[in-house]
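The lines below spell out each chain.
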Amino acid sequence: MSILIVDDSLIIREFIQEFLTEGGFADLIMTDSVSAAFEVLGIDSNKPMSSPIELILMDIIMPKIDGLTALKRIMADPRTSEIPVIMITGKIDDESLQSAFDIGASDYVKKPFSQIELVSRVKSVLRLKNEINQNIKLMWELEQANSQLVLLSQRDGLTGLANRRYFDEFIEREWRICKRNKQPLSLILMDIDFFKRYNDTYGHIGGDQCLKKVASVIKQMEKRGGDLAARYGGEEFVVVLANTPSYQAERLAEFYRMKVESMGISHKSSDASDVVTISLGVATVIPTDEYNYKNLIESADTALYQSKEHGRNRVTTALENLC
C-alpha cells in the first residue's frame, strides 16, 4: 500500500519524502497538483486506481484546485472515501481546518514540521485506520456468525429443510399476506409409507438416509419466496405454497409422489410397493376471518389420512378446498 503526497512545492515534497523514508515508509507516490493526484486515484476517469493508496498527505493551498476542494471530491468518491487524509497547512487557520475536518480530514500538519511530528502523525492515523478496519472485520464476522446461528435455528439438522418451529412462523406470516391480498394458500402434507417398518428392516441409519433422499426431492421445488419445504415431524414433511390454487398444488403433490417412487429405494416391508413411496394430502383456501392456518393444516392432515386409508402412495385433495 502506498502513501500519496500532494503538494505543489518541490521542497516540501522532498522534505516529506526524506522524513517518511527515514521513518520506515518506502512506497511513496509524489504528485505536484490535485489533477495529478486525481489521476493516481482514478477520480474523473473510468480508470482504476493506479496503486492502492493507504494514506494521503495533501496541502490545503494549491493552484487551480485547492486542497479542500480536492478533499470533497476524494470523500465523495466511494473508491477513495475510506482513505484517511492528513492536510498540510502553512498557517493555523481555524476556519480552513474546521472545514477540512467537517469534510472528512483525519488530521493536519503545520509547516514547518519536524520529522518526529510528521512520522508520528502518519503512524497515528494509520494505526487508527488499522484498528477501524479490524473492528469492521470483527463486526462482519460476528454478523456472519449470527446469521449462521439464525439459519441453523431454522433448519432441521438431518434433512436441511426448515424445522417445525420455523414452519409455524412462516405459515402464520404467509397466511396474513394471502389474507390481505385475497390470494389462495395451499398446503401439501406428506408421509413416507410404512416408515416404521423401514426403520425396523434397514436400521435407523438406513432410515436417516431415506429421509435425506426424500427431503432432497421436496427441496428441489422450493423456488419462490412464498414457498417453504419443512420437516413436519418424524417421517412427515410439509410444503407451503403461497398464492397457489388447488390444481397447481395437486399437480406438484403428484410430482413429489412420482419422483420419490422413481428413486427406487428398496422397501421390502411395505404393503404399498416394493420401493419407498409417500402418501400426500393437499388443502387450499383463501384466508378469511372465518379460518386460521391451523384449519388449513387440519384439512391437509385429513386428506393425508384418506390417502393412507385408500392404499397409500397416492394424493388426496381436501373436499373443503375453496379454490
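As the structure is a prediction and not an experimental result, all values here were calculated from the model.

Peer 1: Go over the packing of helix α3 (residues 67–76) against helix α4 (residues 94–103), please, and point to the residues and values.
Peer 2: Packing of α3 against α4 leaves a shortest axis separation of 9 Å and a crossing angle of 10°. Here α3 is positioned roughly parallel relative to α4, judged by the angle of their axes. Contacts from Leu68, Leu71, Lys72 and Met75 of α3 reach α4 at Ser96, Ser99, Ala100 and Ile103. Looking at side-chain class alone, the contact of α3 with α4 contains five nonpolar, two polar and one charged residues.

Peer 1: Provide a residue-level description of the nonpolar core, including the pertinent values.
Peer 2: Counting residues in hydrophobic clusters, the biggest one holds 26 residues, and the most contacted among them are Ile188, Met190, Ile192, Val214, Phe237 and Tyr256. At the level of elements, β6 (185–192), α7 (195–219), β8 (236–242), α8 (246–262) and β9 (278–285) are the ones that each hand at least two residues to this core. Per element, the largest residue contribution to this core is eight residues, and it comes from α7.

Peer 1: I'd like to hear about the packing of aromatic side chains, residue by residue, with values.
Peer 2: Within a pair of aromatic rings, the relevant descriptors are the distance that separates the centres and the angle that separates the planes. Counted by the stated rule, this structure contains eight aromatic pairs. Summarising the aromatic geometry, the rings of Phe19 and Phe113 are spaced 6.2 Å apart at their centres and angled 75° between planes, so their arrangement reads as edge-to-face. With Phe19 in helix α1 (residues 10–22) and Phe113 in the loop between β5 (107–110) and α5 (115–154), this residue pair connects regions lying 94 residues apart in the sequence. Across the pair, Phe113 and Phe19 agree in class, each one buried. With a centroid separation of 6.1 Å and 5° between ring planes, the pair formed by Phe195 and Tyr198 is classed as stacked. With Phe195 and Tyr198 both in helix α7 and three residues apart, this pair spans about one turn of that helix. Tyr198 sits in the buried class, given a relative accessible area of 6%.

Peer 1: How would you summarise a nonpolar patch on the surface if you had to cite specific residues and measurements?
Peer 2: A surface patch of nonpolar side chains, about 270 Å² in accessible area, is lined by Leu128, Ile132 and Ile136. Looking at the secondary structure, you find Leu128 in helix α5.

Peer 1: Provide a residue-level description of the packing of helix α2 (residues 34–41) against α3, including the pertinent values.
Peer 2: Helix-helix packing is described using two parameters, namely the angle between the two axes and the distance between the axes. It is at 11 Å that the axes of α2 and α3 come closest, and there the two elements cross at 10°. With respect to α3, the element α2 is oriented roughly parallel. α2 and α3 meet at a crossing whose hand is right-handed. Note on element contacts: α3 touches α2 through Ala70, Arg73 and Ile74, opposite Val34, Phe38 and Leu41. Of the residues that constitute the contact of α2 with α3, the class distribution is five nonpolar, no polar and one charged.

Peer 1: Can you break down the pairing of strand β1 (residues 2–6) residue by residue, with the values?
Peer 2: When you tally the buried positions in β1, you get five out of five residues, the bulk of the element. The two faces of β1 match: Ser2, Leu4 and Val6 on one face and Ile3 and Ile5 on the other face are all buried. In the sheet, β1 pairs with strand β3 (residues 53–59) via five bridges, with the strands oriented parallel. What sits directly across from Val6, in β3, is Met58. Bridge count between β1 and strand β2 (residues 28–31): four bridges; the pairing is parallel.

What counts, and where the lines are drawn
Residues numbered from 1 in each chain as written. Predicted model: local features only at pLDDT ≥ 70, side-chain atom pairs only at ≥ 80, totals over all residues. Heavy atoms only, no water. Axes fitted to C-alpha atoms, helices over the stretch in contact; angles between N-to-C directions. Helix = DSSP H or I, 4+ residues; strand = E, 2+ residues; numbered from the N terminus. Parallel < 35°, antiparallel > 145°, perpendicular 65-115°, else oblique. Contact = heavy atoms within 4.5 Å. Nonpolar A, V, L, I, M, F, W, Y, C, P; charged D, E, K, R; others polar. Core = buried A, V, L, I, M, F, W, Y, C linked by side-chain atoms within 4.5 Å. Buried < 20%, exposed > 50% of the residue type's maximum accessible area, 1.4 Å probe, protein only. Phe/Tyr/Trp six-rings, centres within 6.5 Å; stacked < 30°, edge-to-face > 60°. Patch = residues over 30% accessible without salt bridge, like charges linked within 9 Å, V, L, I, M, F, W, Y side chains within 5 Å. Areas by Shrake-Rupley, 256 points an atom, 1.4 Å probe, with all protein chains shown as cover. Salt bridge = Lys/Arg side-chain N within 4 Å of Asp/Glu carboxyl O. Left-handed = near helix turned anticlockwise from the far one by under 90°. Pairing = 2+ DSSP bridges.

Geometric descriptors of this kind do not, in isolation, establish any biological role.
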